[in-house]
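# A structural walkthrough
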Amino acid sequence: MGKLIAANWKEHPKTEAEALALFKAVAKKERPDGAEVVICPPFIYLEEIAREFKRLTPDRRKGLAVGGQDVFWEEQGAYTSEVGPAMLRSLGVKYAIVGHSERRRFEKETDGTINKKIALAARDGLKIILCVGESLSVREKGAAVAKKFVGQQLLKDLKNIPLKTGQLFVAYEPIWAIGTGKNDRPEDTRDMAVFIKSSLKKTRRISVRFLYGGSVNSKNAADYVQLKEVDGALVGGASLKAEEFGKIINSV
Ligand code: 13P
C-alpha cells in the first residue's frame, strides 16, 4: 500500500478563488506511483473543489482525493452548521478528518462526540483520519506517559465501533508540534507508530495506517514518511503552498 499525504488547509485561504487556484496547482504536481494525496479544504469550498476534481482527467485524478476537515454524528436534522457523512459522500468526498486537536481545544470536542462521529462516518464508508496526540505537559512526563495518553484517546474514540481494515488512519499529531516549527524526533514517532498499530491489532484486531503530523515541511517530511512504520503525513501550514506541498508529496 502506498503512502498517504493529507493536506489540512484549516481556515485557509480567505477566498474561493485562492482555494481553487491552490487545488489546481496541487493537482498538477507529479505524484509518486501508489501515493495518495488527500486535500481537505474548508467546507465552504468543498463543493467547488469536488467539482474541479471531477473535471480532472482520469490520469490526474489517480492518487488524488478530497476530504472534509470534520464530519457530524447525525446524517441530517436540526443541527445548525453541521455537515453529515452522506452530504460529504454526495459530493464524492472520500475522507474525513475527525478529532483534530484544534477542534478538541476550540470547539470543546470530547472523545465521546468524536466516537459518535467516527461511528457514523465508518458506517457510511468514509475513510477516517482520526487525530490523536498529547500536550507538552504530558510529553514532558516521558514517552511512556505520552503513549498511555494516546492509548486512552484511541480506546475512547473507537469504543464499540466495528471498523474494517483500511478504513482508519490514525494521525499522531503531538499538540506541541502543531504550527510551532517543533518536530517529534523520528525515532519517537516510529515508537508511537509501533505502539498504536500493535495495540489496535491486539485489542481490536484491525490494521490501521499511521500518519505523522506536526510542522511537517519539505525539509523534514522524508524523515517521517520514509520510515517503514509510518504510512504518511498530515500537513497543515506547508500544504498551503503548492510548490512546498509538491515537494512533500515527492518525499515518500
Ligand atoms: P502544521 O503542519 O501547520 O504544524 O499543522 C499540523 C496539523 O495540525 C495538521 O492537521
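Here the structure is shown first, and the text comes after it.
Here the structure is a predicted model, which is why all the values come from computation and not from measurement. (Residues numbered from 1 in each chain as written. Predicted model: local features only at pLDDT ≥ 70, side-chain atom pairs only at ≥ 80, totals over all residues. Heavy atoms only, no water.)

## Focus on the sheet that holds strand 8 (residues 232-235)
Read around the barrel, eight strands follow the order 1-2-3-4-5-6-7-8 and close on themselves; strand pairing throughout is parallel. Shown here is a sheet whose adjacent strand axes are inclined to one another by a mean of 25 degrees, direction ignored. In the sheet, strand 2 (residues 36-40) pairs with strand 3 (residues 64-68) via three bridges, with the strands oriented parallel. Across the sheet, the residue bridging to Val37 is Leu64, located in strand 3. Strand contacts of helix 6 (residues 111-123): strand 4 (95-98) and strand 5 (127-132), with the helix running at about 160 degrees to strand 5, the strand carrying the most contacts. Each of strand 5, strand 6 (168-172) and strand 7 (209-213) is contacted by helix 9 (residues 186-204), which is oriented at about 150 degrees to strand 7, the strand it contacts most. (Pairing = 2+ DSSP bridges. Helix = DSSP H or I, 4+ residues; strand = E, 2+ residues; numbered from the N terminus. Axes fitted to C-alpha atoms, helices over the stretch in contact; angles between N-to-C directions. Contact = heavy atoms within 4.5 Å.)

## Section: the side chain of His100
Mapped onto the elements, His100 comes out in the loop between strand 4 and helix 5 (101-106). Among the residues examined, His100 registers a relative accessible area of 4% and is labelled buried. For His100, the contacting residues outside a window of four places in its chain are Asn8, Lys10, Cys131, Glu173 and Ile178. (Buried < 20%, exposed > 50% of the residue type's maximum accessible area, 1.4 Å probe, protein only.)

## A closer look at the packing of aromatic side chains
Throughout the structure, instances matching the rule amount to six aromatic pairs. Ring centres of Phe72 and Tyr79 lie 5.0 Å apart, and the angle between their planes is 55 degrees; on these two criteria the pair is classed as tilted. Accessibility expressed as a relative area gives 32% for Tyr79, which makes it partly exposed. On the basis of an interplanar angle of 50 degrees and a centroid distance of 6.0 Å, the ring pair of Tyr95 and Phe169 is categorised as tilted. Of this pair, Tyr95 sits in strand 4 while Phe169 sits in strand 6, and the two are 74 residues apart along the sequence. When sorted by exposure, Tyr95 lands in the same class as Phe169, which is buried. Ring-pair connections join several aromatic residues into one group, and the members of that group are Phe72, Trp73 and Tyr79. (Phe/Tyr/Trp six-rings, centres within 6.5 Å; stacked < 30°, edge-to-face > 60°.)

## Considerations on the nonpolar core
Membership of the largest hydrophobic core comes to 64 residues, with the highest contact counts inside it found for Phe23, Ile39, Leu130, Leu154, Ile196 and Phe245. Here the element with the most residues in this core is helix 1 (residues 16-28); it accounts for six residues. Residues in contact with Ile196, not counting those within four places in the same chain, are Val132, Val150, Leu154, Val170, Val208 and Phe210. One finds Leu4, Ile129, Cys131 and Leu234 within the second-largest nonpolar core, a separate group that totals 13 residues. (Core = buried A, V, L, I, M, F, W, Y, C linked by side-chain atoms within 4.5 Å.)

## Comments concerning unusual backbone geometry
With omega at -15 degrees, the peptide bond leading from His12 into Pro13 counts as cis. Within the element layout of this structure, Pro13 appears in the loop between strand 1 (4-8) and helix 1. Phi angles above zero are rare outside glycine, and Lys10 is one such case at about 50 degrees. With a phi close to 80 degrees, Ser81 is a non-glycine residue in the positive phi region.

## Thoughts on the pairing of strand 1
Counted residue by residue, strand 1 has five buried out of five residues, so it is predominantly covered. Of the two faces of strand 1, the one lined by Leu4, Ala6 and Asn8 and the one lined by Ile5 and Ala7 are each fully buried. Relative to strand 2, strand 1 runs parallel, the two sharing five bridges. Bridging across to strand 2, Ala6 finds its partner in Val38. In this fold, the crossover linking strand 1 to strand 2 by way of helix 1 has right-handed handedness. In this sheet, strand 8 lies alongside strand 1 in parallel orientation, the contact comprising four bridges. Opposite Leu4, over in strand 8, you have Gly232 as the bridge partner. (Right-handed = clockwise from strand over helix to strand, strands pointing away.)

## Some points on the site of the ligand
Near the ligand, the surroundings consist of Asn8, Lys10, His100, Glu173, Ala177, Ile178, Gly179, Gly214, Ser215, Leu234, Gly236 and Gly237. Within the backbone of Gly179, a nitrogen or oxygen atom sits 2.6 Å from an oxygen atom of the ligand. Gly237 is positioned such that a nitrogen or oxygen atom in its backbone is 2.8 Å from an oxygen atom of the ligand. Out of a free accessible area of 310 Å², the ligand has 95% covered by protein chains. In terms of residue class, the shell around the ligand is made up of three nonpolar, seven polar and two charged. (Near = heavy atom within 4 Å. Polar contact = N/O pair within 3.5 Å; in protein donor to acceptor, adjacent residues only side chain to side chain. Areas by Shrake-Rupley, 256 points an atom, 1.4 Å probe, with all protein chains shown as cover. Nonpolar A, V, L, I, M, F, W, Y, C, P; charged D, E, K, R; others polar.)

Functional significance is not addressed by these values, which are geometric in nature.
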